[in-house]
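What follows is each chain in one-letter form.
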Amino acid sequence: MTFLRVCSFDDLWEGEMKVFTVDGIEVLLVHLKGGHVTATQVVCPHQNVELVEGTLEGDILTCRMHLWQFNARTCTGHNPTHTQIASYPTQIQGDEIFVDVNGDVPKFATP
Ligand code: FES
């Protein structure tokens, strides 16, 4: 595993989600309660809409287009439950957030 620095907590406040490019790969970072940071894919597994344009309430990330919901902490489908989003390994060192962008791949729904 190769963890690369993405940003600090000053760049990503609790309840925020932002897209970063790490080693040429775009990842969506989500800062959840308790200092947990999820790194996941940028686009919705349904029809490639940017997840950052959705809403975050607690751990639930809702895509703006057709309102699919994902648990951003577990990277599993909330509604519908048969889907998932990528879960890139993260590491926190002090105030700095690191991600292994080769630790997973984006997921897409089967038609
Ligand atoms: S594109 Fe996200 S729910 Fe359809």
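Residues numbered from 1 in each chain as written. Predicted model: local features only at pLDDT ≥ 70, side-chain atom pairs only at ≥ 80, totals over all residues. Heavy atoms only, no water.

Student: Is there a simple way to explain the overall build of the chain in this structure?
Tutor: The helix and strand tally for the chain stands at zero helices and 10 strands. Starting at the N terminus, the α and β elements of the chain follow one another as β-β-β-β-β-β-β-β-β-β. Against the 2.2 N^0.38 benchmark of 13 Å for 111 residues, the chain shows a C-alpha radius of gyration of 13 Å, consistent with a compact globule. Projected onto the principal axes, the alpha-carbon positions of the chain cover approximately 40 × 25 × 20 Å. Classification of the 111 residues of the chain by burial places 44% in the buried group. For the chain, restricting intrachain contacts to residue pairs at least 6 apart in sequence, the fraction spanning at least 24 positions comes to 41%. Of the roughly 5,900 Å² of accessible surface on the chain, a fraction of 49% belongs to carbon and sulfur atoms. Here the chain contributes 6 positively and 14 negatively charged side chains, and the mean placements of these two sets differ by 4 Å. (Helix = DSSP H or I, 4+ residues; strand = E, 2+ residues; numbered from the N terminus. Rg over C-alpha atoms; globule rule 2.2 N^0.38 Å. Buried < 20%, exposed > 50% of the residue type's maximum accessible area, 1.4 Å probe, protein only. Contact = heavy atoms within 4.5 Å. Areas by Shrake-Rupley, 256 points an atom, 1.4 Å probe, with all protein chains shown as cover. Lys, Arg positive; Asp, Glu negative; His and termini not counted. Charge placed at Lys NZ, Arg CZ, Asp CG, Glu CD.)

Student: Can you walk me through the UniProt feature "domain: Rieske" (unreviewed entry) in the chain in this structure?
Tutor: UniProt records the feature "domain: Rieske" (unreviewed entry) at residues 4-99, using the numbering of this structure. Its end C-alpha atoms 5 Å apart, residues 4-99 is made of 0% helix and 45% strand. (UniProt positions renumbered as here; feature names shortened; annotations may be inferred.)

Student: I'm lost on the nonpolar core in this one. Help?
Tutor: It is characteristic of soluble globular proteins that their nonpolar side chains tend to be buried jointly. Grouped together as the largest cluster of nonpolar side chains are 15 residues, with contacts concentrated most on Val6, Cys7, Phe20, Val27, Leu29, Ile97 and Val99. Listed by contribution, the elements that provide at least two residues to this core are strand S1 (4-8), strand S2 (17-22), strand S3 (25-31), strand S4 (37-40) and strand S10 (96-99). Residues in contact with valine 27, not counting those within four places in the same chain, are Lys18, Val19, Phe20, Val22, Thr40, Val42, Tyr88 and Val101. Within the second largest apolar cluster, 14 residues are counted, among which are Leu28, Leu61, Trp68 and Ala72. (Core = buried A, V, L, I, M, F, W, Y, C linked by side-chain atoms within 4.5 Å.)

Student: Hey, could you run me through the pattern of salt bridges in this one?
Tutor: Side chains bearing opposite charge may pair, as long as their charged atoms lie close to each other. Tallied over the entire structure, the rule returns four salt bridges. Residue arginine 73 pairs with aspartate 59 through a salt bridge whose shortest N-O separation is 2.7 Å. With arginine 73 in the loop between strand S7 (69-71) and strand S8 (76-79) and aspartate 59 in the loop between strand S5 (55-57) and strand S6 (60-62), this pair connects stretches of sequence that are 14 residues apart. Owing to a relative accessible area of 32%, arginine 73 belongs among the partly exposed residues under this scheme. With a shortest N-O distance of 2.8 Å, aspartate 104 and lysine 107 are connected by a salt bridge. (Salt bridge = Lys/Arg side-chain N within 4 Å of Asp/Glu carboxyl O.)

Student: Explain the environment of glutamate 53 to me, please; I cannot follow it from the model alone.
Tutor: Along the polypeptide, glutamate 53 turns up in the loop between S4 and S5. The class of glutamate 53 is partly exposed, set by a relative accessible area of 42%. One polar contact links glutamate 53 to arginine 64, side chain to side chain, over a distance of 2.5 Å. (Polar contact = N/O pair within 3.5 Å; in protein donor to acceptor, adjacent residues only side chain to side chain.)

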